[in-house]
Structures are given as structure tokens and as C-alpha cells.
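Understanding the architecture of this molecule
Chain by chain, the residues run as shown.
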Amino acid sequence: MKKIILLFLFTISTVIIKAGDTIVIEDHFADRSKLIDNSLLVVWGDNVAPKSCFEITTKSDSNGLSYNALSITSGASPYSTHLPTVGGKPSLKTTTCFDYELSKPIDRNNCTIKVEFDVLWSKYDYPSGNFGENGRIVVALVDNYPNGGAQIADMTNLTKIDAFGSPKYNMRIRNAKPVGTNDSQYNYYSPSFMLYGGGLSEDGEFEAYKSVVPNYWLPGFSSAPGGTAPGQPATGDYPTLETKKSDKPWSWIASTSTWRHITWVIEPEIMSLYHRNSNENETSDQMVSKMSIPKDSFGLSYITSKLNAVHGTSVSTEPTMYKWFPRIEALRFYNRGFNGNIAYFANVKISKSTPHEVGISKHSILDEISVFPNPTYGIINIKGLDEKQVVNYSLSNIAGSLIMEGKTENTIDISNLKTGIFLLKLENNSQQKIIKLLLLK
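Below, the structure is looked at part by part. All values reported here derive from a predicted model rather than from experimental measurement.

**Some words on the sheet that holds strand S11 (residues 166–173)**
Taken in spatial order, the six strands of this open sheet run S3-S8-S18-S10-S11-S12, and their pairing is antiparallel. The open sheet terminates on both sides in strands that have one partner only, identified here as strand S3 (36–37) and strand S12 (192–196). As defined by bridge partners, S11 adjoins S12 across five bridges and the pair is classed as antiparallel. For Ile173, the partnering residue across the bridge sits in S12 and is Ser192.

The structure is reproduced here in C-alpha cells:
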């Protein structure tokens, strides 16, 4: 009779060599030289030629903390809408957004991206019936980005696919006023949430406005996958109701009195959103929400198991138009800014960390590897290797003495060994992964 033993498989050390964070973009808004200004693509308001909707000011909060800040101007705020005109005058058509084009694309296979910035709002958007929609900010990771940014002619050229790039992941914060659970709008909108992709394309797409001629792009807008309005109560939320949003009770991020430091961490298979007062250090970070983004190359059961483990759900079907995105070329910062709901951005910093520098075509396979079964009765299967990929392995006893070593594409046979606990080390280039195994007889 075989004895059943419960053992948790865990990684003792995923990587041995780990480089420090590499700063990709850092902007303290001494000027606008580092960003691409999308508002220069339209003529809006009383202007007779394209004019930036942004300005740089020095902004202080109630704590006396002062930063150089980029914001849309008060004169641009009334035109900060997706509609074609405001009072008979042309609007900004969601071009109240600025981009950072990366000098080198980021490969997400083995990389963590961290987006940080400070933000302060001019006022709360409440009561408005929109629970912060008028002053929302969106930060999007973008791929298929046009070299140097979109051009003026691209605004109305809907035949040009990805004229403004395609959104892969984004996070949103609304400038809703903190309210209690008994408030009539408490359950209506989440103050923050995250999304993958968007629109009617599996690759993600920014929206287009097609109710007038000529049609035009909305570079600040991306819907939920499938084209639904993002963030509203719906059964189509990811992967089930409300799991893409911050957990109740809501985390009230927006502030009109205190600079808030936002940190968005995008790991290969999970992303998390944090906030704190800007005069505090990172030990004060509070997690707002997290969202599982499993790699889709391993199939449906892998995706659903990851979702259920992170979100406490029991889904058995893939989310709407789900796709895992491997590459990022730019970042977009958007502020709705309507009716005086202006957000001030400061200290934008985008960094990445990898076990070692990798290129787009060369990435470590170790993060994708798992072994099963564990406990084992002798044959160890390795999952996550592409066809004909080989890793070096070595097996040691719990005291660290080497027992066997070799190369493998898919299986390792240890059936000739006695029952016990062993350490399996898998190696690929400069990385190694060590897994504890239990052999039964």
C-alpha cells in the first residue's frame, strides 16, 4: 500500500544572478523634451492651429511638498472630451495624453516593469454621477508604437492600424471623493482597476469615434476586451465580477490636498497597484489590487488555475479575448481632465529588473518550467520547455551531496534511488532553479 504524503513544491532560488533595476525613463518635468505630446495632433477650442493642452507648473500640497508638475491647462479642461465639439468648437478628442517611447522594446518574458509617479488632483469629481470618470487617469503599456509617435494626418486615418499603438495592459484611477458604504454611488464604480488588451481586437486597440465624418481616433480611450465599457458593474468583469478591481472596502487613492505616490508593478504573470503619501517612503506602500495575467501558451487549465489561485474564483473558461502580451514599446499617460478635474503629474519613473539583460529573441526559459508529479515515484516530467530545448540538471540529497547530473529535454528517471527528499537543480545559461522533490516507493 502506498503512503500518501502531502508536500508543497516550492522554489528555493529562482535566479542566482540578479541585476539591479534599470531606469528606462525618468522625468521630473524641467521641460517637455522627454515626452510626446498627443494634443499637438488636433486643433481645439478657439485655436487656429495645433497647440499643446499641457503646461508645467510648480505645485505644492498641504504638507508643503512641492514638485514640478505637468497638467492640462484650465483653458483646455472644457475641451477634454471624446465628443467632436464643445459649444460648437472642436474638442481635444482625448488627446490629453502624453507618451514615452522606449529607446529599446521591453521583453516581458523574464522581466518586471515598475511604473512610478506622483499625482495630485485639483478637485474631486463628486457628485457627478460618474464617480471620478471626469478626472480619471490612465497609464497604458503600449506596443506596435509608431516611430516618433503619431502624426497629424493619423488622427482621422482609421485605415492605419495601430496609428497610436495598441494597448496591452493599463491601470486606471478615478478622482472619486472618499465616501462611506451607505453612499448611493459606493457600489457604482471602483475607484481603480486594471485591464489587459481592449476593444474588439485580441491584440488590443484604442477606440475610434465613428459617429461623425471624418471618423477619428481616441488615443486616450481603450475599452475592456470585447468592447464593453471598462470598470462598470457587469458580469463580464475579469475573470468574474469585480476581480479586476480593487477590493472592497475601496482604496481611495485620489487626493486634492496631498501628493500621492503611485507604483504599478507588472511582473510576467501578475500585476499589482500600490499607493502611499508622497512624503512617505516605500515601506508605507499599500496594495490597492492585484491582477493575474497568466501566460496563454500553456493552455486553458493553466490560465484558469492561475486566475483562481490569485483571485479566489472558480472560473473554468478563459476570460473574454484573453491574451498574454510579451512586448512593450511605449507608455501613455492620459487625464480625462473635464470640468476642472485636472490631474498634476510629477516624477515619472519607469524601470525594469531582470535576472540578466535579455534581448527580444533571447529569454530565459526557467520561469516557465515546472516539474510533476511531486511527490514522484521515479519519473519526473518537465513542463514548459519548447520542442528540443535542453536544460542541464543535477540532483543532490538534502545534505547537498551530488547524486546524478546530465541534460534533458523532458524527463528525468530517479526510480533507482531510495525514498527520500532531493534537490533538483535546473540550469540555463547564468540562471538556475532549485526545486525540492520527494521520492516515494
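**A look at the pattern of salt bridges**
Pairing between side chains of opposite charge can happen when their charged atoms approach one another. Enumeration over the complete set of coordinates arrives at ten salt bridges. Notably, a salt bridge pairs Asp143 with Arg327, separated by 3.5 Å at the nearest N-O pair. Of the two residues, Asp143 sits in strand S10 (residues 137–143) while Arg327 sits in strand S18 (residues 327–335), which places them 184 residues apart along the sequence. Residue classification places Asp143 among the buried positions, given a relative accessible area of 9%. Between Asp203 and Lys323 there is a salt bridge whose closest N-O contact spans 2.4 Å. Remark: Lys323 occurs in the loop between helix H1 (300–311) and S18 and Asp203 occurs in the loop between S12 and strand S13 (207–209); sequence separation between them is 120 residues. Accessibility expressed as a relative area gives 34% for Asp203, which makes it partly exposed. The network of salt bridges with shared partners includes Glu133, Arg136 and Arg174.

**Quick look at the environment of Lys306**
Looking at where Lys306 falls in the secondary structure, it is placed in helix H1. C-alpha separation for the pair Lys306 and Ile293, spaced 13 residues apart in sequence, amounts to 8.2 Å. With near-sequence residues (within four places) excluded, Lys306 lies in contact with Glu269, Ser292 and Pro294.

**Comments concerning the packing of aromatic side chains**
Here the structure, examined in full by the defined rule, presents 20 aromatic pairs. Seen from their ring centres, Phe98 and Phe345 are 5.5 Å apart, and the 80° between their planes marks the pair as edge-to-face. With Phe98 in strand S8 (residues 97–107) and Phe345 in strand S19 (residues 343–353), this pair connects stretches of sequence that are 247 residues apart. What makes Phe98 buried here is its relative accessible area of 0%. In this structure Phe345 comes out as buried when scored by relative accessible area, which is 2%. Ring centres 5.9 Å apart and planes at 85° place the aromatic pair Phe333 and Phe345 in the edge-to-face group. Taken as a pair, Phe333 in strand S18 and Phe345 in strand S19 lie far apart in primary sequence, twelve residues in all. Clustering of aromatic rings is evident, with ring pairs tying together Phe29, Phe54, Phe98, Tyr100, Phe117, Phe333 and Phe345.

**A closer look at the sheet that holds strand S21 (residues 379–383)**
What the three strands build is an open sheet, ordered S20-S21-S24; its pairing is antiparallel. Of all strands in the sheet, those with a lone pairing partner are strand S20 (370–372) and strand S24 (411–413), marking the two edges. If you compare each strand with its neighbour and ignore which way they point, the axes differ by 25° on average. Where S20 lies against S21, three bridges are found, and the strand directions are antiparallel. Bridging from a neighbouring strand, Ser370 pairs with Lys383 of S21.

**Observations regarding the nonpolar core**
Ranked by size, the top nonpolar core spans 80 residues in total, and within it Val115, Phe117, Trp264 and Phe333 carry the most contacts. Formed by 16 residues, the second largest nonpolar core is a distinct cluster that contains Val371, Leu417, Leu426 and Leu437.

Parameters and conventions
Residues numbered from 1 in each chain as written. Predicted model: local features only at pLDDT ≥ 70, side-chain atom pairs only at ≥ 80, totals over all residues. Heavy atoms only, no water. Pairing = 2+ DSSP bridges. Helix = DSSP H or I, 4+ residues; strand = E, 2+ residues; numbered from the N terminus. Salt bridge = Lys/Arg side-chain N within 4 Å of Asp/Glu carboxyl O. Buried < 20%, exposed > 50% of the residue type's maximum accessible area, 1.4 Å probe, protein only. Contact = heavy atoms within 4.5 Å. Phe/Tyr/Trp six-rings, centres within 6.5 Å; stacked < 30°, edge-to-face > 60°. Axes fitted to C-alpha atoms, helices over the stretch in contact; angles between N-to-C directions. Core = buried A, V, L, I, M, F, W, Y, C linked by side-chain atoms within 4.5 Å.

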